[in-house]
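Coordinate analysis (summary)
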Amino acid sequence: MNSSKMSGPVLSQSGQLVEQHWRELNGRRRTYTVLGSLALLIALSGSLWYANDANSGKFFDRLPHLFDFLQVFVPRDGMEIFRAMFDLPSPYDDGSLKYDYPDGRHYLTDSFYIPEYFYRMLETVNIAIFSTIIGALGGFCLCFLAARNMTPSRWLRWPVRRFMEVLRAFPEVVIAGFILAIFSIGPIPGIVAISVHTIGALGKLFFEVVENADMKPDEGLRAVGGNWLERLWFGMVPQVMPNFSSYILLRLEINVRASTIIGAVGGGGIGEALRLSISRGDAAKTIAMIILLLLTVIAVDQFSAWLRKKLVGEQSFQMSA
Amino acid sequence: MTLLSTPEYERLAARHEHLLTQSTWKTCRAPLLATGLIVYFMFCWWFFSIGKVLGSANYSIAGNYLADWVSYEIRPELNIDRDGAITITYSRFDPIGPNPNPDWIKSETATVTRQPVASAQPEAPSASAPAPAPAPAVPAFNFMANAPKAEAATSITTIAKAPVTETAIVKSSIDLGRSAKIVVDHQSVILTRGSETVELKLDNAAGTVTAQAPLPTWVEQRMAGGRAYAYFGFAGWAEVSADRVRIHNRFFGWANFFFDINSAFFGKSPGEILTLVTSGPRIDSSQSNLSLAWNDILYNPSWQHLDVWSKLLQTLVMAFVGTVLATLLSFPLAFIAARNITRNRVLNQFTKRLFDFLRSVDMLIWALFFTRAFGPGPLAGISAIFFTDTGTLGKLYAEALENLDDKQREGVKSVGASPLVIQRYGVVPQVLPIFASQALYFWESNTRSATIIGAVGAGGIGLKLWEAMRTNSNWENVCYMVLLILLVVFIFDAISNALRSRLIGTVRH
């Protein structure tokens, strides 16, 4: 709807001036939009060309084979998925790694066992929960030192904020790899890597909540002579706790995914098993694990959404990564 | 804090009873939560067997690896011959260059009469013979043990040669850092750390190392007469056997960051390089000195600058393209998914479940899947980010559309606009800032996650980092890449923050 095409009423002199300004503004904005889109388009096509060039298989060479590869992951019959998931013996067992489902059983008593992938999934979820708690505790301790209203001193606030930024931006792979070199393979590298990242990420979100908090309870406490810790505990914490817990739950959702990925680079849990089975082409095992992972992620997301709604109501549904 | 007196408190309590007495649930909540946490921590301690892992870890390795991030080692090896001559060799991979003559090794030479052994064996596996020892002083004992049998036989046949007189090193003094020192001659090794001194007697014939006094904690000898290890903290460590002293001398900094030992510019001061580049004669006749220097830097084999930079660019490209494509696709899909815009429950539900599926199948699974499909490289990473983020952004956009203010749409509708125009002028101006800011947020966060999915094979710097870490010997390269990543992430954070605050008009920080 371009107003210049409309035949409007005849305008007064000042009205014409306003219209002229508006047209100039509009024209300038349109130029910027076109230029911006053009720049984006050039950057995008350049990047795509570069990515295709750097890849070991070229996009258009590989595209027709995409579905051949999918066929590798069709199991011999539907029941195989079920057997792989619950570690039941397979009728196709030929002694190879592809059908050795019962080998991974995790016996609790002589007859009762946890199927391997359930156990691994439990491990992954536990890594996520454990490191979310550690990260939340760390972020809680740091956030008040980074908030302008609780720490007026620039000299303390600045290093704390930069420290949290470094924790957040430090590549998780490196932390996991370094801990891996010391502790060897297991869940600890994953826990440390995710916790460190979580401290930084939650710390940032937390201090923003603290800075937006209502300062009236704090003023009241200061008026009766409360010290810093008392102001924090009675004036700040009750206000920010609902928001904090909502962010912790959001982080838990992210960490469940992160702990699967860290698992794939040697941090234990289901990620490692999944990577192995995809690279070996074990159809039934891969599908069993993907189903388990999908169910877990959905369950965690639903649980966290339900709890967040209970804690803070609808406004807790803003995303944060 | 000021406390109330009892009557005051009671008066207050009488007036506002409901504020001062809490429900049982509220009083119990905090202690219950704390107990729950402690129990859960204990469970995790057992479940992950943290205690066992912490107990069995090798912490001295951790210190060494950590030191490797910002320092490097030079490892001279002093071979002590039976007749007292010492030869100094360096490992082939040492960053010291072809003509090592460091000023931290001081040697005394003397004329010794030696029984030469025909040097049928190849030269020691060093880059070259050490400068102060011109004689073919091949340590006999050591090499007889290592040499293949045939060569040993030839040396036995030629052993009847007449003894020769020549100049050889008989005593060497090595400085490690400021306070540590090792003095080696053919009978003893004197180790100094700070004010403490330890003397070890070497018996080359019997092959034993014996201490003169009880050893301090920084010198370790596991078996009487066997090898001794001396640790000098950050400055390095040494391994002393009867016929050989191996020294690890640690220096702060990154070795050969610009020019490798094979480069023509190796070991030159910045001033010398500058004159060479600007006015010196051509080193390589086919190209100017400037381009030679630039090439030597880019293809420096121990730092691989060009490779690291291009891998970093790949990671950035992965995040950028993945996010842009995801935004472009989820934008129209969100209009289909939003209840208030597309009045078709089947289409709404279908699109929303599609978003859920894309989001819930992890980025990891997509990454592994596309790595197998396209081969390792940024295409796999792009596809993984694209698929996951189409789901997440689509869901967010659809939610934003459903929370829309309807008045603008009604206004545009009331003047008889077509459906497409209603969306363009009634909806898009409202949601575009939010959409763009969300997309920027994801771009920023994907720059980080692209590193990690790279490590599972999706290409980029993640894979390079992972390869550098696997060998446990390239921690300085890891440090270099981490610094580059941190730099890039901070720059992108700043850009995205600036753009976002212009879009939605709030300034954070």
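Sequence positions are assigned chain by chain, starting from 1 and proceeding in written order. Whichever chain is written first is A, and whichever ligand is written first is 1; the rest continue in order. Side-chain atom pairs in this predicted model are given and counted only at pLDDT of 80 or more, local residue features only at pLDDT of at least 70, and totals for whole chains, interfaces and linings cover all residues.

Some words on the overall build of chain A
Of regular secondary structure, chain A possesses 12 helices and two strands. Note that the radius of gyration is over C-alpha atoms, with the globule rule given as 2.2 Å times the number of residues to the power 0.38. Taking 321 residues into account, the globule formula puts the C-alpha radius of gyration at 20 Å, and chain A, at 28 Å, lies well above it. Three exposure classes are used. Buried residues have 20 or more other C-beta atoms within 10 Å of their own C-beta, exposed residues have 12 or fewer, and partly exposed residues fall in between, all C-beta atoms being placed from the backbone. Within chain A, the fraction of its 321 residues that count as buried is 38%. Contacts are defined on C-beta atoms placed from the backbone: any two residues whose C-beta positions lie within 7 Å are in contact. Expressed as a percentage of contacts within chain A between residues at least 6 apart in sequence, the contacts between residues at least 24 apart total 66%. Segments assigned H or I by DSSP are reported as helices when at least four residues long, segments assigned E as strands when at least two residues long, and all are numbered from the N terminus.

Details of the overall build of chain B
Along its length, chain B carries 17 helices and 13 strands. Burial statistics for chain B: of 509 residues in total, 31% are counted as buried. Put simply, of all contacts in chain B between residues at least 6 apart along the chain, 64% involve residues at least 24 apart.

Structural notes on the interface of chain A and chain B
Facing 54 residues of chain A, the contacting portion of chain B comprises 59 residues. The leading source of residues in the side of chain A that touches chain B is helix H7 (residues 172–183) of chain A, at eight residues. Here the side of chain A that touches chain B is composed, by residue class, of 37 nonpolar, 12 polar and five charged. Residue polarity is assigned by list, with Asp, Glu, Lys and Arg as charged and Ala, Val, Leu, Ile, Met, Phe, Trp, Tyr, Cys and Pro as nonpolar; anything else, Gly included, falls into the polar class.

Quick word on the UniProt feature "transmembrane region" (unreviewed entry) in chain A
Residue and element names in this part refer to chain A. UniProt positions are given in the numbering used here, feature names are shortened, and annotations may be inferred rather than shown by experiment. Within the UniProt annotation, "transmembrane region" (unreviewed entry) is assigned to residues 32–51, 125–145, 166–185 and 286–307. From the first C-alpha to the last, residues 125–145 spans 31 Å; its make-up is 100% helix and 0% strand. Across residues 166–185, helical content stands at 80% and strand content at 0%; the span's end C-alpha atoms are separated by 25 Å.

Concerning the UniProt feature "domain: ABC transmembrane type-1" (unreviewed entry) in chain A
As recorded in UniProt, the feature "domain: ABC transmembrane type-1" (unreviewed entry) lies at residues 121–304 of chain A. Here residues 121–304 of chain A is 87% helix and 0% strand, with 18 Å between the C-alpha atoms at its ends.

Examining the pairing of strand E6 (residues 180–185) of chain B
Residue and element names in this part refer to chain B. Burial of the side chains of E6 is restricted to one face: Ala180, Ile182 and Val184 are buried, whereas none of Lys181, Val183 and Asp185 on the reverse face is. Examined bridge by bridge, strand E5 (residues 164–176) and E6 share six bridges and lie antiparallel to one another. Its bridge partner being in E6, Ser173 is matched across the sheet by Val183. Counted between consecutive antiparallel strands, the loop separating E5 from E6 contains three residues, among which Gly177 sits at a positive phi close to 60°. Two strands make a pair as long as DSSP finds a minimum of two bridges between them. In this structure, E6 lies alongside strand E7 (residues 188–193), joined through five bridges in antiparallel fashion. Paired with Ala180 across the bridge in E7 is Arg193.

Here's the deal with unusual backbone geometry
Despite not being glycine, Asp87(A) has its phi angle at roughly 60°, a positive value. Residue placement: Asp87(A) occurs in the loop between helix H4 (78–86) and strand E1 (106–107). Positive phi values are uncommon outside glycine, yet Asn472(B) reaches one of about 60°. Secondary-structure assignment places Asn472(B) in the loop between helix H16 (461–470) and helix H17 (475–504).

So, the pairing of strand E2 (residues 76–80) of chain B
Residue and element names in this part refer to chain B. Counting buried residues along E2, four of its five residues qualify, which places the element largely inside the surrounding structure. Two elements, E2 and strand E3 (residues 86–90), share five bridges in a ladder whose sense is antiparallel. Considered in E3, the bridge of Leu78 is made with Ile88. Linking E2 to E3, which pair antiparallel, is a turn of five residues; within it Gly84 sits at a positive phi near 100°. Inspection of the sheet shows E2 paired to strand E13 (residues 244–252) by three bridges, in the antiparallel sense. Counted as the bridge partner of Asn79 is Arg244 from E13.

Things to note about the packing of helix H10 (residues 305–337) of chain B against helix H13 (residues 378–402) of chain B
Residue and element names in this part refer to chain B. Axis angles are defined between N-to-C directions and span 0 to 180 degrees, where every axis is a line fitted to C-alpha atoms and, for a helix, only to the segment in contact. Direction vectors running N to C along H10 and H13 enclose 35°, while the axes themselves pass 6 Å from each other. As H10 packs across H13, the resulting crossing turns out to be right-handed. Across the contact of H10 with H13, the residue classes tally to 20 nonpolar, eight polar and one charged. The hand of a helix crossing depends on one turn: near helix anticlockwise from the far one by less than a right angle means left-handed, and clockwise means right-handed.

A word on the packing of helix H1 (residues 13–54) of chain A against H13(B)
Put simply, H1(A) and H13(B) touch, their axes get as near as 7 Å, and they point 125° apart. Between H1(A) and H13(B), the crossing angle belongs to the class labelled oblique. Within the contact between the two elements, H1(A) uses Ala51(A), Asn52(A) and Ala54(A) and H13(B) uses Pro378(B), Leu379(B) and Ile382(B). Considered class by class, the residues forming the contact of H1(A) with H13(B) number five nonpolar, one polar and no charged. Angles below 35 degrees are treated as roughly parallel, those above 145 as roughly antiparallel, those between 65 and 115 as roughly perpendicular, and all remaining angles as oblique.

Comments concerning the nonpolar core
To form a nonpolar core, buried Ala, Val, Leu, Ile, Met, Phe, Trp, Tyr and Cys residues must be joined through C-beta atoms within 7 Å. In terms of nonpolar packing, the biggest core is built from 127 residues, with Ala367(B), Ala384(B), Ile453(B), Val456(B) and Leu465(B) touching the most fellow members. The element contributing the most residues to this core is helix H10 (residues 228–267) of chain A, with 15 residues. In terms of nonpolar packing, the next biggest core, distinct from the first, is built from 30 residues, Ile80(B), Val198(B), Ala242(B) and Val245(B) among them.

So, H13(B)
Residues and elements named next belong to chain B. Take the number of residues in a helix, subtract one, and multiply by 1.5 Å to get its expected span. When the terminal C-alpha atoms of H13 are compared, their 35 Å separation across 25 residues agrees well with the 36 Å that a helix rising 1.5 Å per residue should span. Fitting axes to the seven residues that end at a residue and to the seven that start at it, the angle between those axes gives the bend at that residue. The largest bend in H13 is about 25°, located at Asp389. Among the 25 residues in H13, 21 count as buried, and that is most of the element.

Description of the environment of Ile385(B)
Inspection of the secondary structure assignment puts Ile385(B) in helix H13. Note on Ile385(B): 28 C-beta atoms within 10 Å, which makes it buried.

Re the environment of Thr351(B)
Of note, Thr351(B) is situated in helix H11 (residues 345–360). Ignoring anything within four residues of it in the chain, the contact list for Thr351(B) reads Leu333(B), Ile336(B) and Ala337(B).

Section: the confidence of the model for chain B
Any segment with low pLDDT has predicted coordinates that should not be analysed in fine detail. Residues and elements named next belong to chain B. Across the chain, each position has a pLDDT score giving the predictor's confidence in that residue, from 0 to 100. On average, chain B scores 81 in pLDDT, and the residues at 70 or more come to 88%. Of all helices and strands in chain B, the one with the weakest mean pLDDT is helix H6 (residues 140–146) (40), whereas H10 scores best (93). This model gives residues 118–159 a pLDDT under 50, and the stretch forms 60 contacts once residues within four places in sequence are excluded. Across the assembled chains, the prediction reports ipTM 0.83 with pTM 0.81.

Topic: the confidence of the model for chain A
Residues and elements named next belong to chain A. Here chain A shows a mean pLDDT of 86. Residues at 70 or above account for 95%. Confidence, read as mean pLDDT per element, is least for helix H3 (residues 66–72) in chain A (78) and greatest for helix H5 (residues 116–146) (93). With pLDDT under 50 throughout, residues 316–321 is counted as low confidence; its partners more than four residues away or in other chains account for 10 contacts.

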